[in-house]
There are 2 protein chains.
Amino acid sequence: MTLTGNMLIGQQAITGSREAIRAINPATGTALEPAYLGGTGEHVEQACALAWEAFDSYRETPLAARATFLETIADEIEAIGDELIDRAVSESGLPRPRILGERGRTCHQLRTFARTVRAGEWLDVRVDTALPERQPLPRSDLRQRQVPLGPVAVFGASNFPLAFSVAGGDTASALAAGCPVIVKAHSAHPGTSELVGHAIARAVKKSGLHAGVFSLLFGSGREVGIALVTDPRIKAVGFTGSRSGGIALCKAAAARPEPIPVYAEMSSINPVLLFPAALQARGESLAQGFVASLTQGAGQFCTNPGLVIARQGPALDQFISAAADLVQRSQAQTMLTPGIFQAYEAGVGSLLELTSAQEVAAGVRGNTPNQCQTHLFVTQARDFLADAALQAEIFGAASLVVQCADDHEIRQVLEHLEGQLTITLQLDDADLESARALLPVLERKAGRLLVNGWPTGVEVCDAMVHGGPFPATSDTRTTSVGTAAILRFLRPVCYQDFPDSLLPTALKHTNPLQLRRLLDGQREVLENA
Amino acid sequence: MTLTGNMLIGQQAITGSREAIRAINPATGTALEPAYLGGTGEHVEQACALAWEAFDSYRETPLAARATFLETIADEIEAIGDELIDRAVSESGLPRPRILGERGRTCHQLRTFARTVRAGEWLDVRVDTALPERQPLPRSDLRQRQVPLGPVAVFGASNFPLAFSVAGGDTASALAAGCPVIVKAHSAHPGTSELVGHAIARAVKKSGLHAGVFSLLFGSGREVGIALVTDPRIKAVGFTGSRSGGIALCKAAAARPEPIPVYAEMSSINPVLLFPAALQARGESLAQGFVASLTQGAGQFCTNPGLVIARQGPALDQFISAAADLVQRSQAQTMLTPGIFQAYEAGVGSLLELTSAQEVAAGVRGNTPNQCQTHLFVTQARDFLADAALQAEIFGAASLVVQCADDHEIRQVLEHLEGQLTITLQLDDADLESARALLPVLERKAGRLLVNGWPTGVEVCDAMVHGGPFPATSDTRTTSVGTAAILRFLRPVCYQDFPDSLLPTALKHTNPLQLRRLLDGQREVLENA
């Protein structure tokens, strides 16, 4: 298709009237056609009205139909072919194989949620049957299911133009839950957003759903975003981005007459803890694994390892020296946007000015626009404990090694950490007891704990947690990746003494959806399951 | 035991130093001994430090031990005997049978959560086993469980001195989840609170748990409450009370450097929808059921039916006339506190001043202090739609009948409603299709929908939802009654490639807790379950 620069309000292409957004190829600094004129409060109003109209019918779509809809979105995205890949590469500066992989991940994610929708466990059906003879009072027939919250506003992320964007995890899980979605596209990749937005709109049409199930808006300033979050018909928000951006949305949502949940995935430095035996036995290979994870995708991952914690001594010195060597040889890589590049440079610049942290290595400097130069710093635990600035996230390929005098200081550093998405443990058998002693602290600090891996690379599966205590996310009770993400957009409703004909299908006496209900305190085992 | 007027910080009895709180027997207006001196910020600091110390060990108590602890609390409460019943009757003005029933409910609730803890489904264990050969990338072994959020602050409610107070639903569900609890007692029943607090403290000691698992504070002003909600070691808040109180706690929690969830159950007028065939066939008996529910416990229930919605006409006129007759004959009942009585009188007074609502009946006036006189009002749908004041909760036995011209106006009134805990449908077979057409609206407006019952009386079971959209509660994703209440105090953690010896028991390969895990996308069926 020819990119039009239009937004999508349901099936209608609408031209904005605010400042133009134009994608920039960060590898060249060239602005890309077409221009995307920003939306207004009036466009938000139209999209919300349409989403609200769609809600009551969409939320009662049969599970199979909703699952097929998600699969159709995946099919439609794949059907765009090279045009999508080419545009996403141009808009992001990311290598083609990465974008191909990300398309695969995005479509896999949609199909995984389709499977989840069909299985229906998220309905969490609970039935307590009537006890008319109970003394002193009879018990009513009580049945609970989960229903969707309502229309959801999704803010696309810069660093995953497909997997955390228009048809990314937030959209897929909200649609799976039965919520219409209005996406505010990230201004870094409007063309990619338009292509994917049309794929979803085609799937809506093919599936015979109400047009309001999906809309796509653009906007460079706060107007569209704040109007979305404060519209009374929006009942939840999904966001992946900066801490300041996430907190601003949380504040706007909390100040509404009816506050709503905001699921903001914001900032994390993903500490890596090197235990003594592992460090002693395989410092060199740890350095290789670490630098590979640090520099992957120019460090532009939420799970990038921005902090290393270990006990000082010769083994750590050798690790630092090996890592420094690898960092020095690491090639510069194009960052996603000029803004992200400038923020990275500013973050590194601030760290360079501090006397409490010392640079031990810098990578090859870039010779094209917006290229990320890798940086490795070291500091002492006492300095880290004294200066909160040392744990500020620098989005990009920069990391800081915290040298601790002893186990006590390691524990202090861990306790001092803000909430994280991940914490990684590099350990050998001899380290197991030390690791076990730290587990309670680690569990309090992060949503995912890894042993002998690296935090970059987030599997889309049932057991994944991409979440964590504030400020990693705004709501530590949830995950934004994996099938449990659907739970963010649901609320329970109880039906008391309903005649069977009035009960929703999931709750009917004959259990037509063959759900494993919690029935009178026992989990049902199904004959033919 | 002799009441001491002390607080409990862990196992230590501590005397406060702020303004004295003294319970008042609302039936006589007499102040009761002893005086309870209010706590200070320093007491909050001590209780939070102790709770934080207790957290890491308490949250890893084996499920059986934690369940036994909850059962021991129930046993200890029952062991207090008549002293507890007498004191609760004196402090609340509630009849003795009601307090006896409430003790039964409280202990049943603790034992129900013990059963829930043992079953372990709340751990929501999800396992995705490693796929080392997968292309293009291998999959790690990923395992998820739920862990408790951290110490929880619970604010006791005035209207259930046992079941929603010191050892009530919030405390029981937080302890079940593995969270230490600090209760701020409601100033209306400090003696009842002290007795129950000591029962919990004895159970803590008998169970060999860390003393910081439970503390009990008093305080008449904002000092203790705000200090609790803003202490960095408190990770969630449970509250049942007024809308203004709940919103103040939400704002304080949202303004923290690390915001935390507040589960505030606040205000609801629990609309009752009378459908034409039911109204025609059994108006008289509907009036009886309605007035019985309205006046039960002097109307001091969160689920009290404060609004009736029906189509105008002779059948509704007869219902109103029958209800008015019953209201006129309804006896005055002592309210919980002088403050609640005064607020009720003020609320009724405001309604009496409005020209848009007309009083159709008032009950027998009280001749002892603090007695609630029943009131029944009527209004027209257009007036109800025009004036938000008509849907403000009046806590007590007052209700308003909204007369609608047609089905369209009924739908308008429903859409105009704020979020509710319950909506009740009185319907006969001929009303089924009208009811079905309204279900989408009703589900959006309330956490529990009832057919041909009355909203007062909230069963403690798996399927109960005592929650609902704002302002019924601050978090519509949850319930504060029933076993699903435990989910409020949990967050997921994922363990990636952990050696089995380092995994928590719930996640070990051999599944020693015999949990029905979500294993590689399938729900496990256990051989011996």
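Cut-off values and rules
In every chain, residue numbers begin from 1 and rise along the written sequence. As they are written, the chains are lettered A onward and the ligands numbered 1 onward, keeping that order. Only residues with pLDDT of at least 70 are given local features in this predicted model, and only at 80 or more are side-chain atom pairs given and counted; all residues enter the totals for whole chains, interfaces and linings. Remark: hydrogens and water are excluded; side-chain values derive from all non-hydrogen atoms of the structure. By convention in this document, the label disulfide applies to cysteine sulfur atom pairs within 2.5 Å. Should DSSP find at least two bridges between two strands, the strands are regarded as paired. The way it works is that DSSP assigns letters per residue, a run of H or I at least four long becomes a helix, a run of E at least two long becomes a strand, and they are numbered from the N terminus. The axes used here are C-alpha line fits, helices contributing only the stretch in contact, and every angle between their N-to-C directions lies in the interval 0 to 180 degrees. In what follows, a contact means two residues having at least one pair of non-hydrogen atoms within 4.5 Å. UniProt positions are given in the numbering used here, feature names are shortened, and annotations may be inferred rather than shown by experiment. Nitrogen and oxygen atoms within 3.5 Å of one another constitute a polar contact, given that in protein one can donate a hydrogen and the other can accept it, and given that sequence-neighbouring residues count only through two side-chain atoms. For this analysis, a ring pair means two rings from Phe, Tyr or Trp (six-membered ring only for Trp) whose centres lie within 6.5 Å, classed as stacked if their planes differ by under 30 degrees, edge-to-face if by over 60, and tilted for the remaining angles. Buried means the residue's accessible area, taken with a 1.4 Å probe over protein chains only, is under 20% of the maximum for its type, while exposed means over 50%, and partly exposed covers the values in between. Criterion for a charge above a ring: Arg CZ or Lys NZ at most 6 Å from the ring centre, at most 35 degrees from the ring normal. To superpose the copies, least squares is applied to the C-alpha atoms of every residue with a pLDDT of at least 70 in both. We call a crossover right-handed when, viewed with both strands directed away from the observer, the connection leading from the first strand over the helix to the second proceeds clockwise. Throughout, the accessible surface (probe 1.4 Å) given up by two parts as they are put together, summed over both, is called the buried area. Put simply, a salt bridge is a Lys or Arg side-chain nitrogen that is within 4 Å of an Asp or Glu carboxyl oxygen. By definition here, a helix of n residues has an expected span of 1.5 Å times n minus one. Throughout this description, the term nonpolar core refers to a set of buried Ala, Val, Leu, Ile, Met, Phe, Trp, Tyr and Cys residues connected via side-chain atoms within 4.5 Å. To sort the angles, those under 35 degrees are grouped as roughly parallel, those over 145 as roughly antiparallel, those from 65 to 115 as roughly perpendicular, and the leftovers as oblique. Rotating anticlockwise by less than a right angle from the far helix to the near helix defines a left-handed crossing, while the corresponding clockwise rotation defines a right-handed one. In this classification, Asp, Glu, Lys and Arg are treated as charged, Ala, Val, Leu, Ile, Met, Phe, Trp, Tyr, Cys and Pro as nonpolar, and every other residue, Gly included, as polar. Each domain span listed reflects an automatic or database assignment of domains.

S.K.: Give me the state of the cysteines: which residues, what numbers.
M.R.: In the structure shown here, the tally under the stated rule is 0 disulfides over all chains. With no disulfide of its own, A:Cys107 lies closest to A:Cys461 among cysteine sulfurs, the gap being 18 Å. Summary of cysteine pairing: A:Cys302 is not part of a disulfide, and the nearest cysteine sulfur, belonging to B:Cys494, is at 15 Å.

S.K.: Can you break down the sheet that holds strand β11 (residues 214-217) of chain A residue by residue, with the values?
M.R.: All names here are of chain A. Taken together, the 7 strands give an open sheet; going across it, the order is β2-β1-β11-β10-β9-β12-β13, and neighbouring strands pair in mixed fashion. Edge strands, defined here as strands with exactly one partner in the open sheet, are β2 (12-14) and β13 (262-265). Each neighbouring strand pair of the sheet contributes to a mean axis angle of 20°, computed without reference to strand direction. Sheet topology places strand β1 (residues 7-9) next to β11; 2 bridges connect them, and they run antiparallel. Its bridge partner being in β11, isoleucine 9 is matched across the sheet by serine 215. Across the sheet, helix α5 (residues 169-177) lies against β9 (152-155), β10 (181-184) and β12 (236-240), angled at about 170° from β10, the strand it touches most.

S.K.: Can you lay out the UniProt feature "domain: Aldehyde dehydrogenase" (unreviewed entry) in chain A for me, pointing to particular residues and giving the numbers?
M.R.: Under the UniProt annotation, "domain: Aldehyde dehydrogenase" (unreviewed entry) lies at residues 18-426 of chain A. Across residues 18-426 of chain A one finds 45% helix and 20% strand; the C-alpha atoms that close the span lie 51 Å apart.

S.K.: I'd like a description of the environment of A:Thr379, backed by residues and values.
M.R.: Residue and element names in this part refer to chain A. Inspection of the secondary structure assignment puts threonine 379 in strand β19 (residues 375-380). Residue contacts for threonine 379: discarding those within four places in its chain leaves Ser356, Ala357, Phe384, Leu390, Leu400, Val401, Val402 and Gln403. Separated by 2.6 Å, the side chain of threonine 379 and the backbone oxygen of serine 356 make a polar contact.

S.K.: Now, about the packing of aromatic side chains: what can you tell me, with residues and values included?
M.R.: Here the distance between the centres and the angle between the planes together describe a pair of aromatic rings. Under the defined criterion, the tally for this structure stands at 20 aromatic pairs over all chains. Ring centres of A:Phe160 and A:Phe301 lie 5.7 Å apart, and the angle between their planes is 50°; this geometry places the pair in the tilted category. Of this pair, A:Phe160 sits in the loop between β9 and α5 while A:Phe301 sits in the loop between α9 (276-295) and β15 (307-311), and the two are 141 residues apart along the sequence. For the pair formed by A:Phe160 and A:Phe301, the shared burial category is buried. Members of the aromatic cluster, connected to one another through ring pairs, are A:Phe160, A:Phe164 and A:Phe301. A:Arg98 extends its terminal NZ or CZ atom over the ring of A:Phe160, reaching a point 4.7 Å from the ring centre. Directly above the ring of B:Tyr263 sits B:Arg488, whose terminal nitrogen or CZ lies 5.4 Å from the centroid.

S.K.: Could you give an account of the relation of the copies chain B and chain A, with specific residues and numbers?
M.R.: Two copies of a chain can be linked by a rotation about an axis combined with a shift along that same axis. With an RMSD of 0.0 Å, chain B superimposes on chain A once it is rotated by 180° and translated 0.0 Å along the axis. Expressed as a symmetry operation, the mapping of one chain copy onto the other fits a two-fold axis. A shared binding surface is used by both copies, with 100% of the interface residues of chain B retained as interface residues in chain A.

S.K.: Give me the pairing of strand β19 (residues 375-380) of chain B: which residues, what numbers.
M.R.: Residue and element names in this part refer to chain B. Burial runs high along β19: 6 of the 6 residues are buried. When strand β17 (residues 357-362) meets β19, the two strands line up antiparallel, connected through 5 bridges. Looking across to β19, one finds that alanine 357 is bridged to threonine 379. Here β19 pairs with strand β20 (residues 398-404) via 6 bridges, running parallel. In the sheet register, glutamine 380 faces β20, and the bridge partner there is glutamine 403. Assessed by its sense of winding, the connection that carries the chain from β19 through helix α12 (residues 381-386) to β20 is right-handed.

S.K.: If you had to explain the interface of chain B and chain A to someone new, which residues and values would you point to?
M.R.: The accessible area lost on association of the parts is a frequent measure of interface size. Taken together, the contact pairs 70 residues of chain B with 70 residues of chain A. Approximately 6,100 Å² of surface area, both sides summed, lies buried where chain B meets chain A, with 53% of it carried by carbon and sulfur atoms. If you sort the residues of chain B by the area they bury against chain A, B:Glu443, B:Arg477 and B:Leu502 come out on top, with a joint share of 12%. At the surface where chain B touches chain A, the tally comes to 12 salt bridges. The closest approach of N and O atoms between B:Arg145 and A:Glu443, which form a salt bridge, is 2.8 Å. On inspection of chain B and its partner chain A, the count reaches 48 residue pairs in polar contact (both at pLDDT 80 or more). For the side of chain B that touches chain A, the secondary-structure elements that each account for two or more residues are α1 (41-58), β7 (126-128), β8 (142-148), α14 (432-445), β22 (446-451) and β23 (490-496) of chain B.

S.K.: I'd like to hear about helix α4 (residues 96-119) of chain B, residue by residue, with values.
M.R.: Across its 24 residues, α4(B) extends 35 Å between first and last C-alpha, which sits within 8% of the 34 Å expected from 1.5 Å per residue. Looking one or two residues past α4(B), B:Gly120 carries a phi angle of roughly 75°, positive in sign.

S.K.: Could you give an account of the sheet that holds β22(B), with specific residues and numbers?
M.R.: Strand pairing in a sheet is mediated by backbone hydrogen bonds. Such pairs are either parallel or antiparallel. Spatially, 12 strands are ordered β25(A)-β24(A)-β7(A)-β8(A)-β23(A)-β22(B)-β21(B)-β14(B)-β15(B)-β20(B)-β19(B)-β17(B) in an open sheet, and the strand pairing comes out mixed. At either end of the open sheet lies a strand with only one pairing partner, and these are β25 (522-523) of chain A together with β17 of chain B. Alignment of strand β15 (residues 307-311) of chain B against β20(B), held across 5 bridges, turns out to be parallel. By the bridge assignment, B:Arg311 is partnered in β20(B) with B:Cys404. Running over the sheet, helix α10 (residues 314-329) of chain B touches β14 (271-274), β15, β17, β19 and β20 of chain B and is turned about 50° from β17(B).

S.K.: Can you lay out the nonpolar core for me, pointing to particular residues and giving the numbers?
M.R.: Core analysis: the largest hydrophobic core is formed by 316 residues, its most contacted members being A:Ile73, A:Phe319, B:Ile73, B:Ile309 and B:Phe319. Excluding its chain neighbours within four sequence positions, the residues that come into contact with B:Phe319 are B:Leu274, B:Leu279, B:Gly283, B:Leu286, B:Ala287, B:Phe290 and B:Val308.

S.K.: So, unusual backbone geometry: which residues are in play, and what are the values?
M.R.: Residues and elements named next belong to chain A. In this structure, proline 471 follows phenylalanine 470 across a cis peptide bond, with omega equal to 5°. Residues other than glycine seldom take positive phi values, yet asparagine 511 does so here, at roughly 50°. Mapped onto the elements of the fold, asparagine 511 is located in the loop between β23 (490-496) and β24 (518-519).

S.K.: So what's going on with the packing of helix α13 (residues 407-416) of chain A against helix α14 (residues 432-445) of chain A? Residues and values would help.
M.R.: Residue and element names in this part refer to chain A. In the contact formed by α13 and α14, the axes pass within 9 Å of each other and the chain directions differ by 15°. Considering their axes alone, α13 and α14 lie roughly parallel with respect to each other. Relative to α14, α13 is oriented so that their crossing is left-handed. Taking contact as the criterion, the partners of Ile410, Arg411, Leu414, Glu415 and His416 in α13 are, on α14, Ala437, Leu438, Val441, Leu442, Arg444 and Lys445. Considering only residue class, the contact of α13 with α14 consists of 6 nonpolar, 1 polar and 4 charged.

S.K.: Can you tell me about the domain arrangement of chain A, naming the residues and giving the values?
M.R.: All names here are of chain A. Its domain assignment divides chain A into domain 1 (7-120 + 151-266 + 479-487) and domain 2 (271-451). Taken over C-alpha atoms, the centre of domain 1 sits 32 Å from the centre of domain 2. Of the residues lining the interface, 18 residues belong to domain 1; the matching set on domain 2 comes to 16 residues. Contact between domain 1 and domain 2 buries roughly 1,200 Å² in total, counting both sides, with carbon and sulfur atoms accounting for 59%. When the buried area of domain 1 at its contact with domain 2 is split by residue, Pro26, Asn159 and Glu265 rank highest and sum to 35% of it. Put simply, domain 1 and domain 2 have 1 salt bridge between them. Linking domain 1 to domain 2 there are 3 residue pairs in polar contact (both at pLDDT 80 or more). Its residues assigned to classes, the side of domain 1 that touches domain 2 comprises 7 nonpolar, 7 polar and 4 charged.

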